Amino acid sequence: MKITMTLNGKRMTFDAHPMSRLLDLLREDARLTGTKEGCGEGECGACSIIMNGRLVNSCLVPALQCEGADILTIEGVSAGGLHRVQEAFLQHGGAQCGACTPGMIMAVVALLDHNPNPSEAQIREALAGNLCRCTGYMRIFESAKNAIAAKGATR
Amino acid sequence: MKSFLHDYSMTAPRSLGEALELLDTDGGIRIFAGGTDLMVLLESGTLQHKSFLDIHSIPELRDIRVTPNYITVGAGATFSDIAAHPDLMRELPLLHEAARSVGAIAIQNRATIGGNVANASPAADAPPALLVYDAEIELLSRQNNRRIPYRFFHAGYKKTLLVPNEMIRAFHIPRADRRKCVQLYKKVGTRKAQAISKICFAGLLRREGGRIADARIAFGSVAPVPLRCEKTEQVLKNGGTLAECLAILSSEISPIDDIRSNAAYRLRVAQNIFSRFFQVK
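Worth saying up front: this structure is predicted, and the values here are computed from it rather than measured. (Residues numbered from 1 in each chain as written. Chains lettered and ligands numbered in written order. Predicted model: local features only at pLDDT ≥ 70, side-chain atom pairs only at ≥ 80, totals over all residues. Heavy atoms only, no water.)

A. The overall build of chain B, seen in detail. When you go through chain B residue by residue, the secondary structure sums to eleven helices and 14 strands. Rg of the C-alpha trace for chain B: 19 Å, near the compact-globule value of 19 Å for 281 residues, within the 12% margin. Each principal axis of the C-alpha distribution contributes one length, and for chain B these read about 60 × 45 × 30 Å. Here the contacts in chain B between residues at least 6 apart in sequence split such that 59% fall between residues at least 24 apart. In the form shown here, chain B has an accessible surface area of approximately 12,500 Å², with 52% of it arising from carbon and sulfur atoms. (Helix = DSSP H or I, 4+ residues; strand = E, 2+ residues; numbered from the N terminus. Rg over C-alpha atoms; globule rule 2.2 N^0.38 Å. Contact = heavy atoms within 4.5 Å. Areas by Shrake-Rupley, 256 points an atom, 1.4 Å probe, with all protein chains shown as cover.)

Structure follows, in structure tokens:
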């Protein structure tokens, strides 16, 4: 079936099975490979994207439910130059092997969109669905904290 | 496209009426909401039913309404909808806590309370809270609309009272002044986020002049169904000691060994959680 969505600000139509995963549409049809597949069962957060303003695991979203949706991936986040969350991850060593990084960044972007001044507990809660096999959690947490502090510096 | 998808189909009705009609005329079709359970089964090749009806975008199923006697939570409300609702936070803290303990934020943004209940896992997070609040469940089909006490809904392991042409419409939770009640929700899992419960608990207790006027407790993952522990409640209300309550509780629950935990651990933790609840002043 034809699925039309707004992907990173652009209207796009895909020919997809209604139960195809959004993750596969992004990576294989749209060739946006910034979104990673980790566990494929909603445990690890590597495939996190923002759908209609909310963080979701794209491995658990069927294509049918993307009809008319507004989808933001890591590529859209950096479309106008690096986002301040990405800058913070760069400056504070928030990325090691990088497999979890796009999902982590999407989780922090979603958090700051809803809550510009989160507490440390709220940052931890926002990151709780994202796993880092390098176990670089403290640096990721520090990066998120510094992204808040950098508010207004870039965007 | 993955080849196994050829066996599956999903359709999106334009309205609740059309959804009920499809459910009624196509005996093989099953409800699909937030997909956080079903998409996992699909990818792992263990999704049994092949034909699905997407109800996630039907707006009236997602309503949360506050009326003088009830708070009504639509079956399609996500756990994020529930967690963010100020009236639920204030009046139904057990349900609020349950919503916040499901998966993590990306899961809460998709998973629905109706799906959590229809999936009928004894380990589900929302049922103990619904049991303690004496929720009623509203079931809807093309011909019929019935409302039954939620504590009767789970008929056995993964068995419910839903018939094939029905869907869960909403949960109706009676309003009451619970400000003087002790309310405790507790989930024990391998970690705080993303874990399926080894055991979960909801309890409500009201003391009046040194005696217990009301006591309601429910556990998940200690029996084939989410379990309201009415015998233990009775001992509590009759002024039983902690030891007396624990003895009844231990006979009322029937935890098992499984992939997440074992019976001995679950029994001990159930007793510990109950003891903590009993001792809250």
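B. Just the nonpolar core, in detail. Of all hydrophobic cores here, the largest spans 55 residues; its most connected members are Ile 82 and Leu 95 of chain B. Those residues in contact with Ile 82 of chain B that sit more than four places away from it in its chain are Ile 64, Val 73, Ala 77, Leu 88, Leu 95, His 96, Ala 99 and Ile 113 of chain B. (Core = buried A, V, L, I, M, F, W, Y, C linked by side-chain atoms within 4.5 Å. Buried < 20%, exposed > 50% of the residue type's maximum accessible area, 1.4 Å probe, protein only.)

C. Fine view of the interface of chain A and chain B. On the chain B side, the residues contacting the 27 residues of chain A number 32 residues. Taken together, both faces of the contact between chain A and chain B bury some 2,400 Å²; the carbon and sulfur share is 59%. For the chain A face of the interface with chain B, the top three residues by lost area are Met 19, Leu 60 and Gln 65 of chain A, together amounting to 28%. Scanning the region where chain A abuts chain B turns up three salt bridges. Between Glu 125 of chain A and Arg 100 of chain B there is a salt bridge; the shortest N-O distance is 3.0 Å. On the surface where chain A and chain B come into contact, there are twelve residue pairs in polar contact (both at pLDDT 80 or more). Within the residue set of the side of chain A that touches chain B, elements represented by two or more residues are strand 4 (54–57) and helix 5 (120–127) of chain A. The element that contributes the greatest number of residues to the side of chain A that touches chain B is strand 4 of chain A, accounting for four residues. Of the residues belonging to the side of chain A that touches chain B, the class tally is 14 nonpolar, seven polar and six charged. (Buried area = accessible area lost by both parts, 1.4 Å probe. Salt bridge = Lys/Arg side-chain N within 4 Å of Asp/Glu carboxyl O. Polar contact = N/O pair within 3.5 Å; in protein donor to acceptor, adjacent residues only side chain to side chain. Nonpolar A, V, L, I, M, F, W, Y, C, P; charged D, E, K, R; others polar.)

D. Representation of the sheet that holds strand 10 (residues 167–174) of chain B within the structure. Residue and element names in this part refer to chain B. An order of 4-5-10-6-7 is seen for the five strands of this open sheet, with the pairing classed as antiparallel. Strands with a single pairing partner mark the edges of an open sheet, and in this sheet they are strand 4 (64–66) and strand 7 (145–149). Sheet twist, expressed as the average angle between the axes of neighbouring strands with direction ignored, equals 20°. On top of the sheet, helix 1 (residues 16–25) reaches strand 6 (136–140) and strand 10; it is set at about 120° to strand 10, its chief contact. (Pairing = 2+ DSSP bridges. Axes fitted to C-alpha atoms, helices over the stretch in contact; angles between N-to-C directions.)

E. Representation of the domain arrangement of chain B in the model. All names here are of chain B. Considered domain by domain, chain B is made up of domain 1 (5–54), domain 2 (60–174) and domain 3 (182–279). Between the C-alpha centres of domain 2 and domain 3 there is a distance of 21 Å. For the domain 2 and domain 3 pair, buried surface summed over both sides reaches about 1,900 Å², with 63% attributable to carbon and sulfur atoms. Considering only the surface of domain 2 that becomes buried against domain 3, Leu 94, Pro 122 and Val 132 emerge as the three largest contributors, covering 28% of it. Counting across the domain 2 and domain 3 interface gives four salt bridges. The partner of Asp 125 in a salt bridge is Lys 187, and the shortest N-O contact between them spans 3.0 Å. At the junction of domain 2 and domain 3, the tally comes to twelve residue pairs in polar contact (both at pLDDT 80 or more). (Domains from an automatic or database assignment.)

F. Representation of the packing of helix 4 (residues 101–114) of chain A against helix 6 (residues 137–149) of chain A. Residue and element names in this part refer to chain A. Taken N-terminus to C-terminus, the directions of helix 4 and helix 6 make an angle of 35°; their axes are 11 Å apart at the nearest point. Two packed elements cross with a definite hand, and for helix 4 against helix 6 that hand is right-handed. From helix 4, Met 104, Val 108 and Leu 112 reach across to helix 6, where they touch Tyr 137, Ile 140, Ala 144, Ala 147 and Ile 148. Of the residues in the contact of helix 4 with helix 6, the class split is eight nonpolar, no polar and no charged. (Left-handed = near helix turned anticlockwise from the far one by under 90°.)

G. Fine view of unusual backbone geometry. The phi dihedral of Asn 8 of chain A falls on the positive side, at around 50°, and the residue is not glycine. Of note, Asn 8 of chain A is situated in the loop between strand 1 (2–7) and strand 2 (10–15). When its relative accessible area of 24% is taken as the criterion, Asn 8 of chain A is described as partly exposed. One non-glycine residue, Ser 221 of chain B, lies in positive phi territory at about 70°. You can see Ser 221 of chain B is positioned in the loop between strand 13 (211–220) and strand 14 (227–228). Residue Ser 221 of chain B is classed as buried on the basis of its relative accessible area of 9%.

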